Every structure is written in structure tokens, then in C-alpha cells.
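# Examining the three-dimensional arrangement
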Amino acid sequence: MGFPAERIVRTNEEDIITRLAEHFGVTRDELIHVIKMAVGARRNTTANNLRTAPGWYSHDAGTQGLRLIFRAKGWDSLYENGVEGVFNPETGMKIIFQNVYHAADVKNDPRAISAKGAASIDLIAGAQPDLFIKKPPTSLSTEDRGEAWYLCVSCDENIGVCAELSRPLRLLNKQFADFHERIFIVKKGELENVSLDNDLDMPQQDYDIQISRK
């Protein structure tokens, strides 16, 4: 099994904005809105919630945010063997929200907080046939065609919020093993002062997060 030699990591803001617009038809600010929703949901939980609640609420809100943004652009909701997100019916491209330990860090690839299962393995391998098989696909479908991308968001008490939109090469031992391309959306220090009131309605909330561009 061979893999491309080049691993693309996009950290330059102009390059990021251009790539997002041309390949996904989305802006950096739109993805930041999704990230705000996910982070806000995570930090809106308390010690009285289930231990898994922060991750679950973050994942739910992140997926909701992706659908709010991309369905308005003609994408559809993705439901594939328990994996949910959005997909482009014309290209087959998929985007899935993912909570991770690291994001937008050149020294560390994203590592999923929850182990990835067989459905994710099949989705990544089947959705990127150019990386794994010689014969190109004859058609696109929601099941096994088109690129598979993950909006990876980390929320670390010491580092803060970081996020990237990245395309994994494969999974190994239920984890992302490598990435074909990584697009840094939020780097360390760019999202600060995340706070939510407990009685706010999440989908309509304009979260109070300060954004600094460096």
C-alpha cells in the first residue's frame, strides 16, 4: 500500500482562506462559528452532568453547526453506519465533526478523543480510493465515494481552543494514523474567553469569544 510522499499543512491565513473557498465553498469565519457552537456546548456542562457529557454535547453541537452552514449551500446531512456529518451530493465530499487532543499544532497530528470504529475505517478507506487502489471510482455515492474530511477541535485548559479541517490518510489501532492535508482554522491564542450563560438557547446564541488574527 503506497501513500503520497507529500503531506500538506496549511498555516498561512491567505492560503487557508483561498483553499476553503475554492475546495469547500466556505469561509474561515463560518467554520469558526461551528467551532464556537461546539466549544460553547462543551463548556456549558457542569460537574453534575455525566462524565461523557462535554464530549457528547460538543460533538452534537459541532455536527449541528456543520449542517447549519453546509446545508444552506446545497449539501446534505450524512448518516452512514453511525457516522454523521454532511456531504456534498455532487462531489461526494464528506465532513465530520471530531473532538481531538491536538489540533492546529505542527508538532502533533490530531488524535481522536474517542476511538474510531469500523465504520470510520471503512469511510476513510472507501472515500479516498486514490490513496488505496489504482482504479478510480466510476461514480460517486454517499456510501463510499468522495473525500472524507474532519473538523478537528481541541479544547485544552492550558492551551485553549484549537481547530483544523483535515483529511486523514487512514486509521490505525482505532486512531488517525496520518493526514493527507491539514488546514489550520484556529491556532493557539486565536479563540479566547469562551463563556455561555446556562439559560441561553445554543443554536441561536452569538457566543462571546474573542478572535485575534495573528
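Residues numbered from 1 in each chain as written. Predicted model: local features only at pLDDT ≥ 70, side-chain atom pairs only at ≥ 80, totals over all residues. Heavy atoms only, no water.

### Details of the overall build of the protein
Condition: To qualify as a helix, a DSSP run of H or I must reach at least 4 residues; to qualify as a strand, a run of E must reach at least 2; elements of each kind are numbered from the N terminus. Note on exposure labels: buried denotes an accessible area under 20% of the residue type's maximum, exposed denotes more than 50%, and partly exposed covers the range between, all computed with a 1.4 Å probe on protein chains only. In this analysis, two residues are considered to be in contact whenever any of their non-hydrogen atoms come within 4.5 Å of each other. Exposure was quantified through the Shrake-Rupley algorithm and a 1.4 Å probe, taking into account, for residues, occlusion by the shown protein chains and nothing else.
Broken down by element type, the protein carries five helices and nine strands. Reading the protein from its N terminus to its C terminus gives the helix and strand order β-α-α-α-β-β-β-α-α-β-β-β-β-β. Counting the 214 residues in the protein, one finds 46% classified as buried. Of the contacts formed within the protein by residues at least 6 apart in sequence, a portion of 60% connects residues at least 24 apart. As presented, the protein carries roughly 11200 Å² of accessible surface, and 47% of it is formed by carbon and sulfur atoms.

### Examining the layout of surface pockets
Convention followed: Any residue with an atom within 4 Å of a point lines the site, the site being either a cavity, points on a 1 Å grid over the protein atoms alone where a 1.4 Å probe fits but cannot get out, or a pocket, an open set with protein on both sides within 12 Å along at least 5 of 7 lines. Grid points are joined across faces, edges and corners, and a volume is the space filled by probe spheres set on the points. Think of it as three bins: nonpolar holds Ala, Val, Leu, Ile, Met, Phe, Trp, Tyr, Cys and Pro, charged holds Asp, Glu, Lys and Arg, and polar takes everything else, Gly as well.
Here the second largest pocket is characterised by a volume of approximately 290 Å³. What lines the second largest pocket is a set of 16 residues, among which Tyr101, His102, Ser154, Asp156 and Ile159 lie closest to the centre. In terms of residue count, strand β5 (residues 148-156) provides more of the lining of the second largest pocket than any other element does, three residues in total. Of the residues that constitute the lining of the second largest pocket, the class distribution is nine nonpolar, two polar and five charged.

### Quick look at empty space enclosed by the protein
Taken as a whole, this structure holds two cavities of 30 Å³ or more when the rule is applied. Its boundaries defined by the atoms lining it, the second largest cavity holds a volume of some 30 Å³. As for the second largest cavity, its lining consists of Ala38, Val39, Arg42, Ser58, Asn99, Val100, Ile113, Val153, Ser154 and Cys155. When residues of the lining of the second largest cavity are traced back to their parent elements, those giving at least two are α2 (28-43) and β5. For the lining of the second largest cavity, the per-class residue count stands at six nonpolar, three polar and one charged.

### Regarding the pattern of salt bridges
Definition in use: Should a side-chain nitrogen of Lys or Arg be within 4 Å of a carboxyl oxygen of Asp or Glu, the pair is scored as a salt bridge.
What the rule picks out here adds up to 10 salt bridges. In this structure, the salt-bridge partner of Arg10 is Glu181, at a minimum N-O distance of 2.5 Å. Placement of the pair is Arg10 in strand β1 (residues 8-10) and Glu181 in strand β7 (residues 175-186), with a sequence separation of 171 residues. Using a relative accessible area of 1% as the deciding quantity, one classes Glu181 as buried. Across the pair Glu181 and Arg19 runs a salt bridge whose closest N-O atoms are separated by 2.7 Å. With a gap of 162 residues between them, Glu181 in strand β7 and Arg19 in helix α1 (residues 13-24) connect regions that are remote in the sequence. One network of salt bridges, in which partners are shared, links Arg10, Asp15, Arg19 and Glu181.

### Section: the packing of aromatic side chains
What counts, and what does not: When the centres of two rings from Phe, Tyr and Trp lie within 6.5 Å, Trp using its six-membered ring, the rings pair. Their planes under 30 degrees apart give stacked, over 60 give edge-to-face, and anything left gives tilted.
Inspection of the entire model under this criterion finds five aromatic pairs. Relative to Trp149, the ring of Phe24 lies with its centre 4.9 Å away and its plane at 85°, an arrangement referred to as edge-to-face. Taken as a pair, Phe24 in helix α1 and Trp149 in strand β5 lie far apart in primary sequence, 125 residues in all. Owing to a relative accessible area of 4%, Phe24 belongs among the buried residues under this scheme.

### With respect to the environment of Val9
By secondary structure assignment, the location of Val9 is in strand β1. Along the chain, Val9 and Arg182 lie 173 residues apart, while their C-alpha atoms are 4.8 Å from each other.

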